[in-house]
Amino acid sequence: MSHKRIPKRKAAFAAGTVVALGAAAILLPNANASQDGSSNDAAAVAPKPLKATDASDLASQLEKLLGDAFAGSYYDSDSRQLVVNVTAGDTSVVVQAKQAGAKVRVVDNSLTELAAGAKTLKDKATIPGTSWAVDPRTNKILVTADSTVTGARWNTLESTVKSLGSDMATIKKSAGTFKTFVSGGDAIFAGGARCSLGFNVTAGDGSPAFLTAGHCGVAAEQWSDSETGQPIATVDQATFPGNGDFALVKYDDPATQAPSEVNVGGGQTVAIQQAADAEVGSQVFRMGSTTGLADGQVLALDATVNYPEGTVTGLIQTDVCAEPGDSGGSLFTQDGSAIGLTSGGSGDCTVGGETFFQPVTTALQAVGATLGAGDAAGGDQAGAGDEAGAGQEAGAGGDASASPGDEAGAGQEVGGEQAGGDVIGGQDTGNGQDTGNGQDAGNGTGDAGQSRN
């Protein structure tokens, strides 16, 4: 990061825009919300194809509507439908959910019962190297133990899980070790530690700031944009361990330009339009300073992870890989929704593993900040001013960065810039990527106005 502005290509995940994101030829699916104009009864209760962010919004609405009958939900990416679990076979409950556009599944375990099972695990099996979260696809608590959980500790965990019953909880072993992803290297630095910047925000007092992992925030007070550079930002608030893993770090220079975007490498950025809650089953992308860009799915919500440093609650569990140095990095969706901050997990980007993220919505509320900063609200971002995915079909409504009805994919022009083929294709965004060297970006970290990871 530096305080100078650097010209760069911008690629917005706005309505009607699809961007190719990496060497693995990640071409984002054309997930358009469906408008069903049918008036017959069958069509009125048929599940509707939805964007992942629209599905998350619908799930929140149905949770309030269904009350105690609501038992979780997940996004079926193949059918692009929201699946809602209900504990009551009551016809009115089922019809209500279907009329709202969801697919309904009757399950045995209520959220209250699953929460009671999680409390039993907390009381009897809070062991470093373990985690648990509710998996709405199985309607059970998924318990994971890393490679350090052996002997008496494994016996305690296994017996506790068995006491809950096979219809309530399952257990599996992970080959890796649960740890936070801090390392030494590039990106943001403090005292030999390296983390990744998550999202630029505006602090409650109006000053420019950014979010990163809480375990980065408690590791050092001041952070630099280069390993030997002077500090440019100071930690204002940090939570870790406990009820989350997030930190608010304020830029020391109040004139710092900090637009709401994520640098995805190759000189391209992705405009961040809004903060949103994760939905199980939805596709997400992670950007970090060590491994660059990676994608995967949300596996579970409200996860509890017992790190060596202590227990952290309320996290998102995914199968997106990460490695040391990626801590604090951005988790986001195809339409430019900020979802999470990289916390930790097991494995790496060669063998995979479990990875956990701090929800952005929770972090913003806790620190009193709002997403975006600097010139983020200006007219220089493609799609600025439109709320991505809010019940609007991609390509409809005259998006400024793409012609009405057209979708900007690989090799097509996005706001006058080519977003695929010769720009992204062939780029190494995985292990070993040099995420800054070769760019005039403050020793590989991007300017202070980037959400640099």
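Look up: the structure comes first, before these words.
Keep in mind it's a predicted model, so treat the numbers as computed, not measured.

> An account of empty space enclosed by the protein is needed here, citing residue identities and associated values.
Per the counting criterion, the structure on display carries two cavities of 30 Å³ or more. Reported here for the largest cavity is a volume of approximately 50 Å³. Every residue lining the largest cavity is listed: Ala52, Thr53, Ser56, Asp277, Ala278, Glu279, Ser282, Val284, Thr333 and Ile339. The element that contributes the greatest number of residues to the lining of the largest cavity is helix 2 (residues 52-66), accounting for three residues. Taken together, the residues of the lining of the largest cavity break down into four nonpolar, four polar and two charged.

> Let's hear about the packing of aromatic side chains: which residues, and what values?
Tallying each qualifying case throughout the model produces four aromatic pairs. Seen in terms of ring centroids, Phe178 and Phe356 are 5.7 Å apart; in terms of plane orientation they differ by 90°. Their pairing is edge-to-face. With Phe178 in the loop between strand 7 (169-173) and strand 8 (179-180) and Phe356 in strand 24 (residues 355-359), this pair connects stretches of sequence that are 178 residues apart. Each member of the pair, Phe178 as well as Phe356, is classed as buried.

> Can you explain the sheet that holds strand 2 (residues 70-76)? Please cite residues and give values.
If you trace the three strands from one edge of the open sheet to the other, you get 2-3-4, paired in mixed fashion. Both edges of this open sheet fall to strand 2 and strand 4 (103-106), since each of them pairs with a single strand only. Sheet twist, expressed as the mean angle between neighbouring strand axes with direction ignored, is 25°. Judged from the four bridges that link them, strand 3 (residues 81-86) and strand 4 form a sheet pairing that is parallel. Along strand 4, the bridge assignment pairs Val84 with Val104.

The rules behind the values
Throughout this document, residue positions are counted from 1 along each chain, in the order its sequence is written. Side-chain atom pairs in this predicted model are given and counted only at pLDDT of 80 or more, local residue features only at pLDDT of at least 70, and totals for whole chains, interfaces and linings cover all residues. Note that water and hydrogens are dropped before the side-chain values are worked out from all heavy atoms of the structure. Grid points spaced at 1 Å over the protein atoms alone were grouped into cavities, where a 1.4 Å probe fits but cannot get out, and pockets, open sets with protein on both sides within 12 Å along at least five of seven lines, with lining residues defined by an atom within 4 Å of a point. Grid points are joined across faces, edges and corners, and a volume is the space filled by probe spheres set on the points. Counting from the N terminus, the helices are DSSP H or I runs at least four residues long and the strands are E runs at least two residues long. Each residue gets one of three labels, nonpolar for Ala, Val, Leu, Ile, Met, Phe, Trp, Tyr, Cys and Pro, charged for Asp, Glu, Lys and Arg, and polar for the others, Gly among them. Between rings of Phe, Tyr and Trp, where Trp is taken as its six-membered ring, a pair exists when centres lie within 6.5 Å; planes separated by under 30 degrees are stacked, by over 60 edge-to-face, and by other angles tilted. Only protein chains enter the area calculation, which uses a 1.4 Å probe; residues under 20% of their type maximum are buried, those over 50% are exposed, and those in between are partly exposed. By the convention used here, strands pair only if DSSP detects at least 2 bridges between them. Every axis in this analysis is a line fitted to C-alpha atoms, fitted for helices over the stretch in contact. Angles between the N-to-C directions lie between 0 and 180 degrees.

Any functional reading would require information that these geometric values do not contain.
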